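Each chain is listed here by its residues.
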Amino acid sequence: MSDLQCAARVFVARHGEADYESELLSDAGGWLTPLGRDQAGVLAASVSGERIARVWTSDMARAVQTGEIVAAQLGTDVIVRTGLREFGVGDAAGTTGDPDPFAETFAAWLDGDLAARIPGGESGTEVVERYAAVLDEIADSHRGESVLVISHGGVMCMALSALARNLTLSHSRDLPVPHCEVVAVEADADGWVARSWAGRPITWNDR
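The text that follows walks through the structure, step by step, so that each part is easy to find. (Residues numbered from 1 in each chain as written. Predicted model: local features only at pLDDT ≥ 70, side-chain atom pairs only at ≥ 80, totals over all residues. Heavy atoms only, no water.)

**A short note on the nonpolar core**
Soluble, globular proteins show a tendency: their nonpolar side chains are buried together.
(1) Moving on: By size, the foremost hydrophobic cluster in this structure holds 43 residues, and its most contacted members are Val12, Trp109, Tyr131, Ile138, Met158, Leu160 and Trp197.
(2) Moving on: If you list the elements that add at least two residues to this core, you get strand E1 (8-14), helix H3 (103-110), helix H4 (124-141), strand E6 (146-151), helix H5 (153-163), strand E7 (182-188) and strand E8 (191-197).
(3) Moving on: Ranked by the residues each element gives to this core, the list is headed by H4, at seven residues.
(4) Moving on: The contact partners of Trp109, leaving out residues within four places of it in the chain, are Phe87, Leu114, Ala116, Ile118, Glu122, Ser123, Gly124, Val127, Met158 and Leu169.
(5) Moving on: If you look at the next biggest cluster of nonpolar residues, it comprises 18 residues, including Phe11, Ala71, Ile150 and Cys180. (Core = buried A, V, L, I, M, F, W, Y, C linked by side-chain atoms within 4.5 Å. Buried < 20%, exposed > 50% of the residue type's maximum accessible area, 1.4 Å probe, protein only. Helix = DSSP H or I, 4+ residues; strand = E, 2+ residues; numbered from the N terminus. Contact = heavy atoms within 4.5 Å.)

What follows is the structure, encoded as structure tokens:
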């Protein structure tokens, strides 16, 4: 992130409720349910007073669809970045997901062990690095502006907790992000600061 004279305000939202091509785990994008589309409309209304300059989304279909609905209501455009996508399922692809094949690794991430890796997939460090690269691009492109980012619950909880200097990695352990709820962060020359988490204000003392 380059030196920022004016902080970028970034509202990171989870996509709307989705259906998927199969009940088996995969990295396929899914698509929004009717409820998910309604949730996207509510999200658009909730940020309409923020003068959103642009909507950025992950490349997964459920995120792109959410972003397009919101952008249409706000009268702005959409930029897609792979770095905003959910962490990959790795070797769990094609399984039922029961028991949860990610629970141990995700718990290790929240405990601070970002070297832990999804079997056949990414380490926590790799997830945070590719997510941070996109957020830094957004911050550099939108100094003094507000931006909406559409992403995914797992990667949001881990990466945003890792990047915000007023949060701990374990912050999201009991604070999941529901569909189309928002984590608000700001970027300045010193890095990222969280301002709210799914409607809950964040103070500096939350670290």
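Next comes the rest of the account.
**Some words on the packing of H4 against H5**
(1) Moving on: For the pair H4 and H5, the least separation of the axes is 9 Å and the interaxial angle reads 75 degrees. Comparing their axes, H5 and H4 come out roughly perpendicular. Here H4 contributes Gly124, Val127, Val128, Arg130, Tyr131, Ala132 and Leu135 to the contact with H5, which in turn contributes Val155, Met156, Met158, Ala159, Leu160, Ala162 and Leu163.
(2) Moving on: Looking at side-chain class alone, the contact of H4 with H5 contains twelve nonpolar, one polar and one charged residues. (Axes fitted to C-alpha atoms, helices over the stretch in contact; angles between N-to-C directions. Parallel < 35°, antiparallel > 145°, perpendicular 65-115°, else oblique. Nonpolar A, V, L, I, M, F, W, Y, C, P; charged D, E, K, R; others polar.)

**Description of the layout of surface pockets**
Here the idea is plain: a probe the size of a water molecule rolls over the atoms and shows the empty space left.
(1) Moving on: A volume near 550 Å³ is recorded for the largest pocket.
(2) Moving on: Taken together, 28 residues form the lining of the largest pocket, with Arg14, His15, Tyr20, Arg62 and Glu86 sitting closest to its centre.
(3) Moving on: Sorting the residues of the lining of the largest pocket by element identifies H3 and H5 as the ones contributing at least two each.
(4) Moving on: Take the lining of the largest pocket: its biggest share by element is three residues, from H5.
(5) Moving on: Estimated volume of the second largest pocket: approximately 180 Å³.
(6) Moving on: In this structure, the second largest pocket is lined by 15 residues; those nearest its centre are Leu43, Ser46, Cys180, Glu181 and Val182.
(7) Moving on: Of all the secondary structure elements, the ones that give two or more residues to the lining of the second largest pocket are helix H1 (34-46) and E7.
(8) Moving on: With four residues, H1 is the single largest residue contributor to the lining of the second largest pocket. (1 Å grid on protein atoms, 1.4 Å probe; cavity = no way out; pocket = protein on both sides within 12 Å on 5 of 7 lines; lining within 4 Å. Points joined across faces, edges and corners; volume = space filled by probe spheres on them.)

**Things to note about the pairing of E6**
(1) Moving on: With respect to burial, E6 is a largely interior element, six of its six residues being buried.
(2) Moving on: Of the two faces of E6, both are covered, the one formed by Ser146, Leu148 and Ile150 as well as the one formed by Val147, Val149 and Ser151.
(3) Moving on: Bridge count for E1 against E6 is six bridges, and the pairing is parallel. Bridge pairing in E6 links Val12 to Val149.
(4) Moving on: Of the strand pairs in this sheet, strand E4 (residues 52-57) and E6 are connected by five bridges, and their pairing is parallel. Paired with Thr57 across the bridge in E6 is Ile150. (Pairing = 2+ DSSP bridges.)

**A short note on the packing of aromatic side chains**
(1) Moving on: Under the criterion given, the structure shown has four aromatic pairs.
(2) Moving on: Pairwise contacts between aromatic rings join Phe87, Phe102, Phe106 and Trp109 into one cluster. (Phe/Tyr/Trp six-rings, centres within 6.5 Å; stacked < 30°, edge-to-face > 60°.)

**Structural notes on the pattern of salt bridges**
(1) Moving on: If you walk through the whole model with that rule in mind, you get nine salt bridges.
(2) Moving on: Here Glu50 makes a salt bridge to Arg9, at a shortest N to O gap of 2.9 Å. Highlighted residues: Glu50 in the loop between H1 and E4 and Arg9 in strand E1, separated in sequence by 41 residues.
(3) Moving on: Among the residues examined, Glu50 registers a relative accessible area of 26% and is labelled partly exposed.
(4) Moving on: Close ionic contact of Glu126 with Arg117 constitutes a salt bridge, the shortest N to O distance being 2.9 Å.
(5) Moving on: Overall, the relative accessible area of 33% leaves Glu126 in the partly exposed class. (Salt bridge = Lys/Arg side-chain N within 4 Å of Asp/Glu carboxyl O.)

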